[in-house]
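Chain and residue survey
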Amino acid sequence: MNAGCLKQMIDVNDELAGIVVALLQVADKSVSCYSIVRLGNITSKLVEVCGIVTQS
């Protein structure tokens, strides 16, 4: 059985001791409802966030 999202995030935080966030890809028409991230390095398990624009 695969670990749930929160369990995976806790495991990554324990391993890297950094900030961990979950990301969700949304349709273009829904982008205005969410914050947007600029992605950096991508591995099979992790994605680096290089920038973020939050919604007010």
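About the thresholds
- Residues numbered from 1 in each chain as written.
- Predicted model: local features only at pLDDT ≥ 70, side-chain atom pairs only at ≥ 80, totals over all residues.
- Heavy atoms only, no water.
- Helix = DSSP H or I, 4+ residues; strand = E, 2+ residues; numbered from the N terminus.
- Rg over C-alpha atoms; globule rule 2.2 N^0.38 Å.
- Buried < 20%, exposed > 50% of the residue type's maximum accessible area, 1.4 Å probe, protein only.
- Contact = heavy atoms within 4.5 Å.
- Areas by Shrake-Rupley, 256 points an atom, 1.4 Å probe, with all protein chains shown as cover.
- Pairing = 2+ DSSP bridges.
- Expected span 1.5 Å × (residues − 1).
- Salt bridge = Lys/Arg side-chain N within 4 Å of Asp/Glu carboxyl O.

Brief notes about the overall build of the protein
- When its secondary structure is counted, the protein shows one helix and two strands.
- In the protein, the succession of helices and strands from N to C terminus is α-β-β.
- For 56 residues, the compact-globule formula gives about 10 Å, and the C-alpha radius of gyration of the protein, at 13 Å, lies well above that figure.
- Its C-alpha atoms give the protein principal-axis dimensions of roughly 35 × 25 × 20 Å.
- Expressed as a percentage of its 56 residues, the buried residues of the protein come to 2%.
- Of all intrachain contacts in the protein linking residues separated by at least 6 positions in sequence, the fraction that spans at least 24 positions is 15%.
- Here the protein has roughly 5,100 Å² of accessible surface; of this, 56% comes from carbon and sulfur atoms.

Structural notes on the pairing of strand 2 (residues 47-53)
- Here five bridges tie strand 1 (residues 36-42) to strand 2, and the two strands are oriented antiparallel to one another. Across the sheet, the residue bridging to I42 is V47, located in strand 2.
- Taken together, strand 1 and the strand that follows it, strand 2, pair antiparallel across an intervening segment of four residues.

Some words on the environment of N41
- Along the chain, N41 turns up in strand 1.
- Among residues more than four places away in sequence, those in contact with N41 are L46, V47 and E48.

Digging into helix 1 (residues 5-16)
- Relative to the 16 Å expected for twelve residues at 1.5 Å per residue, helix 1 spans 16 Å between its end C-alpha atoms, a close match to the ideal helical length.
- The positive-phi residue at the C-terminal boundary of helix 1 is A17, with phi of around 55°.

Some remarks on the pattern of salt bridges
- The full count for this structure, using the stated rule, is one salt bridge.
- Note that D11 and K7 form a salt bridge whose closest N and O atoms lie 2.8 Å from each other. With D11 and K7 both in helix 1, this residue pair falls four residues apart, about one helical turn.
- Classification of K7 by relative accessible area gives partly exposed; the value is 46%.

What about unusual backbone geometry?
- A positive phi angle, close to 55°, is found at A17, a residue other than glycine.
- Tracing the sequence through the fold places A17 in the loop between helix 1 and strand 1.

Focus: the environment of L6
- Residue position: L6 is located in helix 1.
- Look at L6 and you get exposed, because its relative accessible area is 60%.
- Spatially, the C-alpha atom of L6 lies 14 Å from that of L46, the residues being 40 residues apart in sequence.

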